[in-house]
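# What the coordinates show
Below are the chains, spelled out letter by letter.
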Amino acid sequence: MRKYFLISAMAMLTANITNASEGTFNASVSIKEATEFACQTDLNFGTLVIVPTEEEFGATLTLSDGTSELSVSGGKGFMQTNGSSAECYFDEENQDISESDIILEYDETMGTAGEIIMQLYPKPGAYVSNVISIDGKLIIANPSAGDFSTVVNMYVINE
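Described below are features of the structure shown in this document. Because the structure is a prediction, the values reported are computed rather than measured.

Scanning the protein chain for helices and strands turns up one helix and 11 strands. In the protein chain, the order of α-helices and β-strands from amino to carboxyl end is α-β-β-β-β-β-β-β-β-β-β-β. Residues classed as buried in the protein chain amount to 26% of the 159 residues present. Looking at the protein chain alone, contacts between residues at least 24 apart form 63% of all its contacts between residues at least 6 apart. Summing over all exposed atoms, the protein chain offers an accessible surface of approximately 11,400 Å²; the carbon and sulfur share of this is 50%.

On to the side chain of Ser 68. Turning to its location among the elements, Ser 68 is positioned in strand E4 (residues 67-74). Judged by its relative accessible area of 13%, Ser 68 falls in the buried class. Residues within four places of Ser 68 in sequence aside, it is in contact with Phe 45, Gly 46, Leu 61, Thr 62, Leu 63, Met 79, Asn 82 and Gly 83.

Turning to the nonpolar core, a few remarks are in order. Membership of the largest hydrophobic core comes to 23 residues, with the highest contact counts inside it found for Ile 132, Leu 138 and Met 154. Those elements that provide at least two residues to this core are strand E3 (58-64), strand E6 (86-89), strand E7 (102-105), strand E9 (116-122), strand E10 (131-141) and strand E11 (153-158). Counting residues per element, this core draws most heavily on E10, which supplies four residues.

Inspection of the entire model under this criterion finds one disulfide. Residue Cys 39 pairs covalently with Cys 88 via a disulfide, S to S 1.7 Å. Handedness here is read from the sign of the S-S torsion; for Cys 39 and Cys 88, about 90 degrees, the answer is right-handed. Note that Cys 39 is positioned in the loop between strand E1 (33-36) and strand E2 (47-51) and Cys 88 in strand E6, a separation of 49 residues in sequence. Judged by its relative accessible area of 33%, Cys 39 is partly exposed.

Positive phi, close to 55 degrees, is recorded for Asp 65, a residue that is not glycine. With respect to the helices, strands and loops of the structure, Asp 65 is situated in the loop between E3 and E4. With relative accessibility at 53%, the residue Asp 65 sits in the exposed group. Located in the positive-phi region is Asn 142, a residue other than glycine, with phi close to 50 degrees. Mapped onto the elements, Asn 142 comes out in the loop between E10 and E11.

It is worth spelling out the environment of Glu 56 at this point. Examined against the element boundaries, Glu 56 turns out to sit in the loop between E2 and E3. Under the relative-accessibility criterion, Glu 56 is labelled exposed at 57%. For the pair Glu 56 and Ala 141, spaced 85 residues apart in sequence, the C-alpha separation works out to 7.7 Å. When residues no more than four places from it in sequence are discounted, the contact partners of Glu 56 are Gly 74, Gly 75 and Asn 142.

This part covers the pairing of E6. Burial along E6 is one-sided: Ala 86 and Cys 88 are buried, and none of Glu 87 and Tyr 89, which face the opposite way, are. Bridge count for E6 against E10 is four bridges, and the pairing is antiparallel. Residue pairing in the sheet places Cys 88 in a bridge with Ile 132 of E10.

With that out of the way, let us pick up the pairing of E9. With burial as the criterion, only one face of E9 is covered, namely that bearing Ile 116, Met 118, Leu 120 and Pro 122; the residues Ile 117, Gln 119 and Tyr 121 on the opposite face remain uncovered. Alignment of strand E8 (residues 109-110) against E9, held across two bridges, turns out to be antiparallel. Each residue of the ladder has a partner; that of Thr 109, found in E9, is Ile 117. In the sheet, E9 pairs with E10 via seven bridges, with the strands oriented antiparallel. The partner of Ile 117 across the bridge, within E10, is Ile 139.

So, how was this worked out
- Residues numbered from 1 in each chain as written.
- Predicted model: local features only at pLDDT ≥ 70, side-chain atom pairs only at ≥ 80, totals over all residues.
- Heavy atoms only, no water.
- Helix = DSSP H or I, 4+ residues; strand = E, 2+ residues; numbered from the N terminus.
- Buried < 20%, exposed > 50% of the residue type's maximum accessible area, 1.4 Å probe, protein only.
- Contact = heavy atoms within 4.5 Å.
- Areas by Shrake-Rupley, 256 points an atom, 1.4 Å probe, with all protein chains shown as cover.
- Core = buried A, V, L, I, M, F, W, Y, C linked by side-chain atoms within 4.5 Å.
- Disulfide = S-S within 2.5 Å.
- Pairing = 2+ DSSP bridges.

Shown next as structure tokens:
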């Protein structure tokens, strides 16, 4: 018992005493209303053909202004068909839409093992003439053959 008393007394003597400072901050939230749009044209990256080789396939497929561009980093592949940007039309009352007002909600990974990563973005200046165009990029790593798709929700913030 005496041994345990001495051990706890030593522990108390070797403990450090630290001074603490106190601070405060404010927390806030801004809530805005958004409109969900139904788009007339779906986003289509086109048709990619992969040629089986010993090397694992890897590529970046960029869709811009309705044109698909493939950059292969491993393996062999080519584009069979070109893609098309998504187009969404809106009322004239929403003329003051800027790129930062557009929110895209979607699952970034496609494929059974997440072998396709998708990044979407509004085309800069695409909200002119009551049309918002959406382009994107796919990062592809050794995918299996098949058709891949996901649902993309688009919201525009109403100020």
